[in-house]
Amino acid sequence: MKNLSADFRDAFRAHPAGVALITATVAGIPYGLTISSLASLSIEPVAVSFSLTKESGAAGAVLSASSFMIHMLGEDHSELADNFARPGAPRFTPEQGWSYLPTGEPHFDQAPVSMRAQIHSSISVGGSRLIAAEILQVIMGEPVQHLMYQNREYLKLPSLLDASAPRK
């Protein structure tokens, strides 16, 4: 018989989730990581939530940064998401399309939506940290279908952005 943790993992493996990158600059060094736990949290103040599974490396940089960027990825950005999920993979290369905001955060110019944020509050839960992040700025990019992740694979969904498509 499986244990509760394995059942929980299996349940969420089947639950599709949007994919985002979190990026920050600390002591002049850019850091970034891929997440699939981004959720809207509050409209007043405007806030989102996400979880981090450790407090070192890129996750630790985000926790210590005065502000950071959250990039919702488009369906053509699966390679970038993989790079920021694997240690030692190429990150922040010119070919990937990065720039820096005047406030210093790395910005992925091709993201359909980017948000500049700062930590509002956080709470430790087991080996993870739940972050409530207050949104300081929203940067809208080209409207494209967002990248989804389910059962360890990226999904391409039919476009929901075409206003002329018939609705059911």
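About the thresholds
- For every chain, the first residue of the written sequence is number 1, and numbering continues from 1 onward in sequence order.
- With the structure being a predicted model, the display of local features is reserved for residues of pLDDT at least 70 and the display and counting of side-chain atom pairs for 80 or more, all residues being used for whole-chain, interface and lining totals.
- Side-chain metrics in this entry use all non-hydrogen atoms of the structure; hydrogen atoms and water are not considered.
- For two strands to count as paired, DSSP must find a minimum of two bridges between them.
- Strands are runs of DSSP state E lasting at least two residues, helices are runs of H or I lasting at least four, and both sets are numbered from the N terminus onward.
- We call two residues in contact whenever any of their non-hydrogen atoms come within 4.5 Å of each other.
- Pairing of aromatic side chains requires ring centres within 6.5 Å, counting the rings of Phe and Tyr and the six-membered ring of Trp. Pairs whose planes differ by under 30 degrees are stacked, by over 60 edge-to-face, and all others tilted.
- Think of it in three bands: residues with accessible area under 20% of the maximum for their type are buried, residues over 50% are exposed, and the middle band is partly exposed, with areas taken using a 1.4 Å probe on protein chains only.
- For this analysis, a salt bridge means a side-chain nitrogen from Lys or Arg found within 4 Å of a carboxyl oxygen belonging to Asp or Glu.
- Nonpolar cores were defined as sets of buried Ala, Val, Leu, Ile, Met, Phe, Trp, Tyr and Cys residues, with membership established by side-chain atoms within 4.5 Å.

## A closer look at the sheet that holds strand E12 (residues 153–155)
The strands making up a sheet are joined through hydrogen bonds of the backbone, oriented either antiparallel or parallel. If you trace the 3 strands from one edge of the open sheet to the other, you get E1-E11-E12, paired in antiparallel fashion. On the outer flanks of this sheet lie strand E1 (17–18) and E12, each paired with one strand and no other. Across 3 bridges, the pairing between strand E11 (residues 148–150) and E12 is antiparallel. Bridging across to E12, Tyr-149 finds its partner in Tyr-154.

## A look at the environment of Pro-106
Here Pro-106 is to be found in strand E8 (residues 106–108). The spatial distance from the C-alpha of Pro-106 to the C-alpha of Ser-78 is 18 Å, given a sequence separation of 28 residues. Beyond its immediate stretch of four places on either side in the chain, Pro-106 contacts Thr-23, Ala-24, Thr-25, Pro-30, Met-69, His-71, Phe-92, Trp-98, Ser-99 and Tyr-100.

## Focus on the packing of aromatic side chains
The description of an aromatic ring pair rests on the distance of the ring centres and on the angle between the ring planes. Considering all chains together, one arrives at 7 aromatic pairs under this definition. Judged by centre distance (6.0 Å) and plane angle (85°), the rings of Phe-50 and Phe-68 are edge-to-face. One end of the pair, Phe-50, is in strand E5 (residues 46–52); the other, Phe-68, is in strand E6 (residues 68–72), and 18 residues separate them in sequence. No difference in accessibility class separates Phe-50 from Phe-68, as the two residues are buried. Measuring from ring centre to ring centre gives 5.4 Å for Trp-98 and Phe-108, while their planes differ by 45°; the resulting arrangement is tilted. Here the residue Trp-98 occupies a position in strand E7 (residues 98–100), and Phe-108 occupies one in strand E8, the gap between them amounting to 10 residues. On the basis of relative accessible area, Trp-98 is assigned to the buried category, the value being 12%.

## Considering unusual backbone geometry
Phi is mostly negative for residues that are not glycine, and the peptide bonds are mostly trans. Here the bond from Glu-44 into Pro-45 is cis, since omega is 0°, no more than 30 degrees from zero. Here Pro-45 lies in the loop between strand E4 (39–43) and E5. Even without a glycine there, the phi angle at Asn-151 is positive, about 50°. A positive phi is found at Arg-152, a non-glycine position, where the angle reads about 65°. The topology assignment puts Arg-152 in the loop between E11 and E12.

## A look at the pattern of salt bridges
In the structure shown here, the tally under the stated rule is 2 salt bridges. Of the charged contacts, one joins Arg-13 and Asp-10 as a salt bridge, the two residues approaching to 3.0 Å between their closest N and O atoms. Placement of the pair is Arg-13 and Asp-10 together in helix H1 (residues 4–13), with a separation of 3 residues, close to one helical turn. Residue classification places Arg-13 among the partly exposed positions, given a relative accessible area of 24%.

## What about the environment of Val-138?
Looking at the secondary structure, you find Val-138 in strand E10 (residues 128–140). Distance in space between the C-alpha atoms of Val-138 and Gly-57 is 26 Å, their sequence separation being 81 residues. If near-sequence neighbours (up to four positions away) are discounted, Val-138 is found in contact with Val-113, Ser-114 and Met-115.

## Topic: the nonpolar core
As a rule of thumb, nonpolar side chains are buried together in soluble globular proteins. Ile-22, Leu-33, Phe-50, Val-62, Phe-68, Ile-70 and Ala-133 are the most contacted members of the largest nonpolar core, which totals 20 residues. For this core, the elements supplying multiple residues, two or more each, are strand E2 (20–26), strand E3 (29–35), E5, helix H2 (57–64), E6, strand E9 (113–125) and E10. Other than its neighbours up to four places away in sequence, Ile-70 contacts Ala-20, Leu-21, Ile-22, Leu-38, Val-48, Phe-50, Val-113, Ser-114, Met-115, Ala-117 and Ile-135. Among the nonpolar cores identified, the runner-up in size contains 11 residues, and Val-19, Leu-21, Ala-111 and Leu-147 belong to it.

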